[in-house]
Structures are given as structure tokens and as C-alpha cells.
Amino acid sequence: ARCGVRRGTMSAVCFVGGIAGLGSSRRQALPDVRRRYARGFSSRSGRVDMVLPSPAVGAAVGFAALAAVLARRIKKVLDTPSRPYSGSFDGVGKEYDEWTNEGILENFWGEHIHLGYYTEEERARGWWKANFKQAKYVFVDKMMEWGDADNLENAERILDVGCGFGGTSRILAKKYPDAKVTGITLSREQVRRGTELAVEQDLTNVEFKAMDALHMEYEDNTFDLVWACESGEHMPDKQKYIEEMTRVLKPGGKLIVACWCQRESPPKFSEVERSRLQFLYDEWSHPFFISIEQFARFMQGTGSLEKVRTDNWVQQTIASWRHSILVGIINPWPVVFSSPIVWWKVIREIVCLERMHRAFRDGLMTYGMIKAVKKIQN
């Protein structure tokens with residue numbers, strides 16, 4: 001078909017071929033048109049000739065449009081949190097059960113599912129050159145040193161609240177062989193795996209239990225040290241979390257907490273900031289975060305704790321988020337040889353890891369270190 005629409009000295013001419021393309025004889029019959037098409041639709045008469053692209057170009061355009069639609073759809077799905085806090089610990093425990101059984105988390109993160117500590121020298125050289133798993137052991141050493149727990153005298157009982165696979169519990173058990181170390185978690189599969197690793201390492205002074213940290217089954221004044229590394233994030237009642245750990249701590253005992261925190265308010269959070277925080281809550285089953293300062297106020301509010309001190313370890317730990325992604329890129333095979341369900345979960349984890357990095361980078365999130373000592377009553 002051919003149609004011309006004249007406007008002044010200009011006209012448009014359309015040549016329409018079949019979807020399958022023009023035959024060879026047809027192509028030979030239109031050499032001048034194809035030459036003008038290649039030159040940018042110009043002609044001596046001032047006409048602008050518009051020719052349908054070849055089938056290959058048409059297919060490419062259609063594919064690009066489809067890809068754009070799919071990309072927008074995937075982005076929308078990834079921007080919608082998938083694991084909001086359910087109002088009980090059951091959902092949190094279930095998530096950790098699944099991660100433990102899949103083995104992906106342990107494969108990449110090792111025995112410690114908390115952030116690592118990157119020294120000033122490592123950060124200057126480039127965090128990607130550091131040993132990802134070793135950074136987590138360094139974190140434990142630094143937390144122990146910062147919390148004055150690296151040289152406990154006559155320690156008999158130690159509690160690790162939110163112990164994960166029990167990596168820190170086992171370190172504490174090795175450091176204090178005369179003390180009994182207990183790690184508690186919401187995940188029965190983590191209890192199983194932590195116990196297996198303790199047996200493999202010939203440790204007899206460490207045990208693991210599935211227990212609610214807000215309602216612990218221990219008497220008052222039981223532990224010389226209460227250690228809580230990245231467990232407060234999941235607590236729906238942060239004040240009760242601090243009060244319960246204080247209750248089971250012996251007078252003179254030490255409480256050390258490491259926790260992802262959001263910045264102090266005021267100033268008020270903007271709509272964008274609230275949206276960013278809500279994603280971080282809902283993607284990893286967190287009820288909410290609080291500030292470092294609020295944790296300190298809760299400790300002071302117990303009336304039983306003194307020497308409350310805080311610090312922000314963002315600079316020391318922020319590299320962990322992107323380092324987590326990098327180790328998966330370098331060694332993708334544990335994921336590749338798993339299942340499509342795991343592939344999709346890992347993609348979601350990568351998105352959340354990057355969002356976490358940006359939140360800490362932008363000051364929306366902080367890495368809270370809070371410590372205190374339980375008063376000795378007269």
C-alpha cells in the first residue's frame with residue numbers, strides 16, 4: 001500500500017510490507033527507496049519517506065519493549081517487601097529455619113550471621129581485599145574488647161541472646177573453658193546446627209536452646225555476661241528485651257548489645273525516609289528499629305544498670321553489606337546448583353543488602369554498640 005499526505009512542499013509516503021518481510025524481487029524493485037532509507041529518509045524533492053524497518057529491526061524493537069515491561073514488573077515486585085513481621089516470633093523462627101536448612105547463608109557467611117569489622121587499614125586498602133568471614137571473627141574480638149569482656153574473672157555462666165548458628169557462643173566457650181555458655185535462638189534448626197558444630201569442635205561447655213528472649217526461663221541474677229549481637233532488631237518490645245537481659249544478669253555482670261539502629265528523631269523522618277525504613281522492616285521480618293540513644297535510655301531506665309556507654313560502628317561495619325554481595329558474585333555455584341526458589345530468594349536478598357548499605361551510608365541507619373554493668377546492691 002502507498003499513501004501520500006502533502007503539506008506545503010513536504011509529503012509522507014508509507015511503504016508497508018508483510019510481517020515476514022519483502023521478497024527478493026520486491027527488494028530489487030525498490031532500490032531507490034532503500035537507499036533513501038539508509039540516508040535518513042531524504043530525497044531531492046523534499047519528501048520525507050518513511051519505510052517500515054526490516055523484520056529484524058521490528059523484532060528487536062518488540063523485544064526491547066517487552067523487556068522494558070518485564071523490567072518494570074520485576075522492579076515493582078522487588079520493591080514490595082515479602083516477609084513483614086507477623087506479630088509473633090513464629091515467622092522469624094521459620095525464616096531462620098529455612099535459611100539454616102538451605103545452607104546458603106552458612107556457606108557464604110560461615111558460622112557467624114552478623115556483620116564483620118573492617119579495620120582502618122583494611123578500609124584504606126579496599127574492603128573487597130579483606131577476608132569476608134574473618135571480618136566476623138574480628139568483630140567478635142572487637143566487641144569483646146569494647147565491652148570489657150575480654151578478660152572476665154571467675155565467669156561461671158555466659159548467655160548469648162540470639163546466637164544464630166552459635167559461632168560467638170563457641171568462641172566464648174573456648175575463651176572461658178571453665179564457664180558454661182548458653183546460646184538461645186528462635187530457630188530450632190539453628191539449635192540443631194549449633195549443637196552439631198559444637199560436637200565437631202569437641203566443646204562440652206556450650207549448649208543451645210530455642211527460647212523467647214522476652215520471656216527467658218532463667219532465674220534472676222544468673223549470668224556473669226549477657227551478650228546480644230544483632231538480635232534486638234527482631235524484638236517487638238525493645239524495652240522488655242533490655243529489662244529481661246538485665247534481670248538475668250548477675251550484679252556486677254556485664255551487658256553488651258550490638259544492634260542495627262535507625263537514627264535518632266527529631267528531626268522527623270521524611271516520607272521517603274519512612275518508606276525506606278518500612279521496606280527494611282518488612283523484607284526481613286523486623287517489627288521496627290530504634291535509635292542508639294533510645295537503647296541507652298532503656299538501659300538507664302531499668303534503675304539496675306550503670307556505666308552505660310554507646311558507640312556507632314557504621315564505618316567499621318558498613319563494608320559487610322556489599323561484601324556479602326561480592327562473595328556471591330565471585331562464587332555463585334552454591335546458588336546456581338540449588339533451585340529456582342533459592343535463586344529468587346537470593347535475588348531478593350541482594351536487593352535488601354544494597355538497600356541496607358545505602359541506609360547506613362546515608363545516615364538513616366546506624367550501627368549501635370551499647371554496654372552497661374549491673375549495679376551491686378548494698
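Report follows, based on the coordinates. Since the model is a prediction, treat every value here as computed from it, not as a measurement. Going along each chain's sequence as written, the residues are numbered from 1 onward. Only residues with pLDDT of 70 or above have their local features reported here, since the model is predicted, and side-chain atom pairs are shown and tallied only from 80 upward, although totals for entire chains, interfaces and linings are computed over all residues. Calculation of side-chain values draws on the structure's entire complement of heavy atoms; hydrogens and water are dropped beforehand.

A look at the pairing of strand E10 (residues 365-374)
Here is the rule: Residue burial is assigned from relative accessible area. The probe radius is 1.4 Å, only protein chains are included, and a residue is buried under 20% of its type maximum, exposed over 50%, and partly exposed in between. Working definition: helices are DSSP H or I runs of at least four residues, strands are E runs of at least two. Numbering for both runs from the N terminus. In short, DSSP must find at least two bridges between two strands for them to pair.
Within E10, ten of the ten residues are buried, which leaves the element mostly enclosed by the surrounding structure. A two-sided burial pattern is seen for E10, the buried positions comprising Met365, Tyr367, Met369, Lys371 and Val373 on one face and Thr366, Gly368, Ile370, Ala372 and Lys374 on the other. Where strand E8 (residues 249-262) meets E10, nine bridges bridge the pair, whose relative direction is antiparallel. Along E10, the bridge assignment pairs Ile256 with Lys371. When strand E9 (residues 305-312) meets E10, the two strands line up antiparallel, connected through six bridges. Bridge pairing in E10 places Asn312 opposite Gly368.

Digging into the environment of Cys163
Inclusion rule: Residue contacts are counted whenever heavy atoms from the two residues lie within 4.5 Å of one another.
Following the sequence through the fold, Cys163 ends up in the loop between strand E4 (157-161) and helix H8 (167-175). The residues contacting Cys163, other than those within four sequence positions of it, are Ser169, Gly183, Ile184, Thr185 and Phe208.

As for helix H10 (residues 238-248)
Under the convention used in this document: For this analysis, a polar contact is any N or O atom pair within 3.5 Å, provided that within protein one partner can donate a hydrogen and the other can accept it, and provided that sequence-adjacent residues contribute only side-chain to side-chain pairs.
Here H10 has its buried residues at Lys238, Tyr241, Ile242, Glu244, Met245, Thr246 and Val248. Buried residues along H10 sit against E4, strand E7 (223-229), E8, helix H12 (292-301), E9 and E10. The residue sitting at the N-terminus of H10 and contributing the capping side-chain oxygen is Asp237; that oxygen lies 3.3 Å from the backbone nitrogen of Gln239.

Overview of the side chain of Glu233
Note the following rule: Charged residues are defined narrowly, with Lys and Arg counted positive, Asp and Glu counted negative, and His plus the chain ends left uncounted. A side-chain nitrogen of Lys or Arg and a carboxyl oxygen of Asp or Glu constitute a salt bridge if their distance falls within 4 Å.
By the element assignment, Glu233 lies in the loop between E7 and H10. The side chain of Glu233 sits in the buried core without any salt bridge; Lys238 is the nearest counter-charge, 7.2 Å away. Of note is the side chain of Glu233, whose polar atom sits 3.1 Å from the backbone nitrogen of Ser231. At 2.8 Å, the side chain of Glu233 forms a polar contact with the backbone nitrogen of Trp260.

Re a nonpolar patch on the surface
Selection criterion: Two joining distances apply to patches: 9 Å for like charges and 5 Å for nonpolar side chains (Val, Leu, Ile, Met, Phe, Trp, Tyr), and every residue must have over 30% relative accessible area and no salt bridge. Surface exposure here means Shrake-Rupley accessible area, sampled with a 1.4 Å probe, where a residue is shielded only by the protein chains that are shown.
On the surface, Leu66, Leu70, Ile74, Trp344 and Ile347 cluster together to form a nonpolar patch covering roughly 440 Å² of accessible area. The set of elements that each furnish at least two residues to the nonpolar patch consists of helix H3 (55-78) and helix H16 (340-361). The element contributing the most residues to the nonpolar patch is H3, with three residues. Note that Trp344 resides in helix H16.

Quick look at H16
Let me state the cut-off plainly: Each residue after the first adds 1.5 Å to the expected span of a helix.
Across its 22 residues, H16 extends 32 Å between first and last C-alpha, which sits within 8% of the 32 Å expected from 1.5 Å per residue. Those residues of H16 that sit buried are Val342, Lys345, Arg348, Glu349, Cys352, Leu353, Glu354, Met356, His357, Ala359 and Phe360. Looking at the residues trailing H16, positive phi occurs at Gly363, about 85 degrees.

A word on the pattern of salt bridges
If you walk through the whole model with that rule in mind, you get 28 salt bridges. For Glu156, the salt bridge identified is with Lys250, shortest N-O distance 3.2 Å. In this pair, Glu156 sits in the loop between helix H7 (132-146) and E4 while Lys250 sits in strand E8, placing the two residues 94 residues apart along the sequence. Lys250 gets classed as buried once you look at its relative accessible area, which sits at 19%. Between Glu244 and Arg247 there is a salt bridge whose closest N-O contact spans 2.8 Å. A residue pair is termed a helical-turn pair when its members lie 3 or 4 positions apart in one helix, as Glu244 and Arg247 do in helix H10 at three residues.

None of this, on its own, says anything about what the molecule does.
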